[in-house]
Amino acid sequence: MSAPLLRVETLHVWFELAGGGELHAVRGIDFELAVGERFGLVGESGCGKTTAILALMGLLPPNASVAGRVVLDGEDILARGEDSVSPHRWRDIAMVFQGAMNAFNPVRRIGDQIVEPMELHRVAEGKEAHRRAAELLELVGIARNRIESYPHELSGGMRQRAAIAMALACKPKLVLADEPTTALDVMVQAQILNLLVSLSEELGLALVLVTHDLPVVAQTCGRTAVMYAGRIAEAGPLDALYHDPRHPYTRLLFATTPDLFEQREVVSIPGVPPRLDREPAGCAFAPRCDSAFAPCASVTPRALIVGDGRTAECHLNDPAARAAS
Ligand code: SF4
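Throughout what follows, the structure given in this document is the object of discussion. (Residues numbered from 1 in each chain as written. Predicted model: local features only at pLDDT ≥ 70, side-chain atom pairs only at ≥ 80, totals over all residues. Heavy atoms only, no water.)

### Topic: the overall build of the protein chain
1) Next: Secondary structure summary: the protein chain contains 11 helices and 12 strands in total.
2) Next: Computed over C-alpha atoms, the radius of gyration of the protein chain comes to 21 Å, within 12% of the 20 Å expected from 2.2 N^0.38 for 325 residues, which places it in the range of a compact globule.
3) Next: Here the protein chain holds 325 residues, and 50% of them are scored as buried.
4) Next: Intrachain contacts of the protein chain at a sequence separation of at least 6 include 63% that bridge at least 24 residues.
5) Next: In the structure as shown, the protein chain presents an accessible area of about 15300 Å², 53% of it carried by carbon and sulfur atoms.
6) Next: Looking at charge distribution, the protein chain has the averaged site of its 31 positive side-chain charges lying 2 Å from that of its 40 negative ones. (Helix = DSSP H or I, 4+ residues; strand = E, 2+ residues; numbered from the N terminus. Rg over C-alpha atoms; globule rule 2.2 N^0.38 Å. Buried < 20%, exposed > 50% of the residue type's maximum accessible area, 1.4 Å probe, protein only. Contact = heavy atoms within 4.5 Å. Areas by Shrake-Rupley, 256 points an atom, 1.4 Å probe, with all protein chains shown as cover. Lys, Arg positive; Asp, Glu negative; His and termini not counted. Charge placed at Lys NZ, Arg CZ, Asp CG, Glu CD.)

If you want it as structure tokens, here you go:
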């Protein structure tokens, strides 16, 4: 088997809080991605998924600390902090930010902003860079002459396409897309997702798609990880997670999503995610879990292999924990 393009190993992120103390936002996550693979990171707001991908890009604020390894094409890009990640940012690993309006400088032309990472990494300069920027706009379905437009002159869908063009500027191997279709209407959302899938297939681009929206992952990704309270609760092929969830949170998350083809009640998950400025005792999902049993309140579940390419962090999958209860 060939080596993965990306390997995230025991990634932790803490934020130092202004009033003292720490918020442990990402609590030791692991995942891998093959060349050209599309992988979803799903979960409720505040589960740590955006923080995790900002750590991969080295774009966390100064009050953040990171531990663990992010191995891209065999190189640990976090090993020496900014010195080791900056040569890869935009060149090998690029990002489509949540809310394209925020991704662009409102007083600079779209074309100039797409050219910037190319010139920074000496991929192309001057006229050649502008020619490539126009080509990229065309590739994502925007007329070449829009290279002269300012962000406010584009519709929401066009801005999101332009943000994808910017992410592709240096021909990266991996694109991280953070809620790329939030705030777009369903038609434009479908167009953007189709665009991401076709670009991934045409260019051999690997994609990590961060979203709270399971149908978005279902449309785009083969494998997914479900995050909860900074951990990966369950990971594996999307089909397997849907048909045979091995973590109650995964089951409930799917149950919150309406299904046109299946007559079933749509539920909501009771309660709220835990605060991350204190370590939860036992399983972080226990206060909301409808399957909790004796060990859940005091023993933290570990990741267990629960099938081909599947892991889940839940005592229900541990025969020893079940037998002891
Ligand atoms: Fe529920 Fe216990 Fe599994 Fe946590 S470990 S998800 S509380 S059954």
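### Describing the site of the ligand
1) Next: Close to the ligand lie His 247, Pro 248, Cys 283, Phe 285, Ala 286, Cys 289, Ser 291, Ala 292, Cys 296, Cys 314, His 315 and Leu 316.
2) Next: For the shell around the ligand, the class distribution of residues is nine nonpolar, three polar and no charged. (Near = heavy atom within 4 Å. Nonpolar A, V, L, I, M, F, W, Y, C, P; charged D, E, K, R; others polar.)

### Concerning the environment of Arg 161
1) Next: If you trace the backbone, Arg 161 turns up in helix H6 (residues 156-167).
2) Next: With a relative accessible area of 15%, Arg 161 lands in the buried category.
3) Next: Separated by 34 residues in the primary sequence, Arg 161 and Leu 195 have C-alpha atoms spaced 8.5 Å apart.
4) Next: Excluding anything up to four places from it in sequence, Arg 161 contacts Val 140, Gly 141, Ile 142, Gln 191, Ile 192 and Leu 195.

### Section: the nonpolar core
1) Next: Ranked by size, the top nonpolar core spans 101 residues in total, and within it Leu 11, Ile 114 and Leu 174 carry the most contacts.
2) Next: Aside from chain neighbours lying at most four places away, what touches Ile 114 is Ala 133, Leu 136, Leu 137, Ala 162, Ala 165, Met 166 and Ala 169. (Core = buried A, V, L, I, M, F, W, Y, C linked by side-chain atoms within 4.5 Å.)

### Observations concerning the sheet that holds strand E6 (residues 93-96)
1) Next: Taken in spatial order, the eight strands line up as E6-E7-E8-E3-E9-E10-E12-E11 in an open sheet, and their pairing is mixed. In this open sheet, the two strands that pair with only one neighbour each are E6 and strand E11 (304-307). The sheet shows a mean angle of 25° between the axes of neighbouring strands, taken without regard to direction.
2) Next: Of the pairings in the sheet, the one linking strand E10 (residues 231-237) to strand E12 (residues 310-312) comprises two bridges and is antiparallel in character. Note on E12: the bridge partner recorded for Glu 234 is Ala 312.
3) Next: Taken strand by strand, helix H10 (residues 248-255) contacts strand E3 (38-42), strand E9 (223-228) and E10, and its axis lies near 105° from that of E9. (Pairing = 2+ DSSP bridges. Axes fitted to C-alpha atoms, helices over the stretch in contact; angles between N-to-C directions.)

### Focus: the packing of aromatic side chains
1) Next: On inspection of all chains with the given rule, the structure shows six aromatic pairs.
2) Next: Measuring from centroid to centroid gives 5.1 Å for Tyr 242 and Phe 254, while their planes differ by 80°, and the two rings are edge-to-face. With Tyr 242 in helix H9 (residues 238-243) and Phe 254 in helix H10, the pair connects residues that are 12 residues apart, well separated along the chain.
3) Next: One aromatic cluster is present, formed by Tyr 228, Tyr 249 and Phe 285 through successive ring pairs. (Phe/Tyr/Trp six-rings, centres within 6.5 Å; stacked < 30°, edge-to-face > 60°.)

### Remarks on the side chain of Glu 313
1) Next: Inspection of the secondary structure puts Glu 313 in the loop between E12 and helix H11 (319-324).
2) Next: A polar side-chain atom of Glu 313 sits 2.2 Å from a polar atom in the side chain of Arg 231.
3) Next: Among all residues touching Glu 313, those that are not within four sequence positions of it are Arg 231, Ile 232, Ala 233, His 247, Pro 301, Arg 302 and Ala 303. (Polar contact = N/O pair within 3.5 Å; in protein donor to acceptor, adjacent residues only side chain to side chain.)

### Details of helix H5 (residues 126-139)
1) Next: Between its first and last C-alpha atoms H5 spans 20 Å; for 14 residues at 1.5 Å apiece the expected length is 20 Å, and the two agree.
2) Next: Listed in full, the buried residues belonging to H5 are Ala 129, Arg 132, Ala 133, Ala 134, Leu 136 and Leu 137.
3) Next: Of the surrounding elements, those touching the buried residues of H5 are helix H4 (110-120) and H6.
4) Next: Gly 141 lies just past H5 and shows a positive phi near 90°. (Expected span 1.5 Å × (residues − 1).)

### So, unusual backbone geometry
1) Next: Although it is not a glycine, Thr 10 sits at a positive phi angle of roughly 45°.
2) Next: Summarising the element assignment, Thr 10 is placed in strand E1 (residues 6-16).
3) Next: Residue classification places Thr 10 among the partly exposed residues on the basis of a relative accessible area of 43%.
4) Next: In this structure, Trp 90 is a non-glycine residue whose phi angle is positive, near 75°.

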